[in-house]
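Given next are the chains, with one letter for each unit.
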Amino acid sequence: AQSVTQPDIHITVSEGASLELRCNYSYGATPYLFWYVQSPGQGLQLLLKYFSGDTLVQGIKGFEAEFKRSQSSFNLRKPSVHWSDAAEYFCAAVTYSNYQLIWGAGTKLIIKP
Amino acid sequence: EAGVTQFPSHSVIEKGQTVTLRCDPISGHDNLYWYRRVMGKEIKFLLHFVKESKQDESGMPNNRFLAERTGGTYSTLKVQPAELEDSGVYFCASSHRDRLTDTQYFGPGTRLTVL
């Protein structure tokens, strides 16, 4: 079955430190991939998306993600986190064989001062 | 430009009661989606409208859920009668054109608690 896995439920990072959030997908074909963020009291906001081409994708708020077909991964990175990055991050995928967005369980990012 | 809005932000009801959630998409967006996140679980797709037509309602859990989109503008999601397992956050999203490549813009969600 098609699925998206975010293995980390919570991650704690010190302010100014680098961040990597993991996302793995299980699909028959390469899906379209997305990272969304939900800040407290806010809706889900698209950070970046990958459809094809360059496997390193730049997004908003200084985030980037790298698509690795060999590892079925689409990890989200940021070189230096800010307290305002504390939020829940979701990886999602969709393919033409299944038009529905399939979501990971989310990773809550906690920032230590 | 106003974003996707949802009403109410929170709803607490008794089991067996009826609740109606409303979503106002971004003006001009033909595509409207409903998703649900049950506590501690993944966000799940419920259904997709293109204008006033249901394009895909395969994610609707059962016939206690009824979604409408009158005139292709706002949408309502009615749960009747509500059960305990319906508790969760209901998200609405909209997009302008093609559903795979266009960004889905999400509302803040409605938190539904069924007691």
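Here is a short report on the structure shown in this document. (Residues numbered from 1 in each chain as written. Chains lettered and ligands numbered in written order. Predicted model: local features only at pLDDT ≥ 70, side-chain atom pairs only at ≥ 80, totals over all residues. Heavy atoms only, no water.)

A look at the overall build of chain B
Helix and strand counts for chain B come out as zero helices and 11 strands. Ordered by position from the N terminus, the helices and strands of chain B form the series β-β-β-β-β-β-β-β-β-β-β. At 13 Å, chain B has a C-alpha radius of gyration in line with the 13 Å of a compact globule built from 115 residues. Taken along the three principal axes of its C-alpha coordinates, chain B extends 40 × 25 × 25 Å. For chain B, the share of sequence-separated contacts (at least 6 apart) that also reach a separation of at least 24 residues comes to 53%. Accessible surface computed for chain B: about 5,600 Å², of which carbon and sulfur atoms make up 48%. Taking the average location of the 14 positive side-chain charges in chain B and that of its 14 negative ones, the two points are 3 Å from each other. (Helix = DSSP H or I, 4+ residues; strand = E, 2+ residues; numbered from the N terminus. Rg over C-alpha atoms; globule rule 2.2 N^0.38 Å. Contact = heavy atoms within 4.5 Å. Areas by Shrake-Rupley, 256 points an atom, 1.4 Å probe, with all protein chains shown as cover. Lys, Arg positive; Asp, Glu negative; His and termini not counted. Charge placed at Lys NZ, Arg CZ, Asp CG, Glu CD.)

Brief notes about the interface of chain B and chain A
At the interface, 17 residues of chain B touch 21 residues of chain A. Here chain B packs against chain A, burying approximately 1,700 Å² in sum over the two surfaces, 60% of which is carbon and sulfur. Among the residues chain B hides against chain A, the three largest losses belong to Ile 43, Leu 100 and Phe 106 of chain B. Together they make up 37% of the total. Counting across the interface, chain B meets chain A through one salt bridge. Between Arg 37 of chain B and Glu 88 of chain A there is a salt bridge, and its shortest N-O distance comes to 3.0 Å. Linking chain B to chain A there are six residue pairs in polar contact (both at pLDDT 80 or more). Of all the elements in the fold, those that place two or more residues in the side of chain B that touches chain A are strand S4 (31–37) and strand S5 (43–50) of chain B. Residue classes in the side of chain B that touches chain A are distributed as seven nonpolar, five polar and five charged. (Buried area = accessible area lost by both parts, 1.4 Å probe. Salt bridge = Lys/Arg side-chain N within 4 Å of Asp/Glu carboxyl O. Polar contact = N/O pair within 3.5 Å; in protein donor to acceptor, adjacent residues only side chain to side chain. Nonpolar A, V, L, I, M, F, W, Y, C, P; charged D, E, K, R; others polar.)

This is a description of form; function is not addressed.
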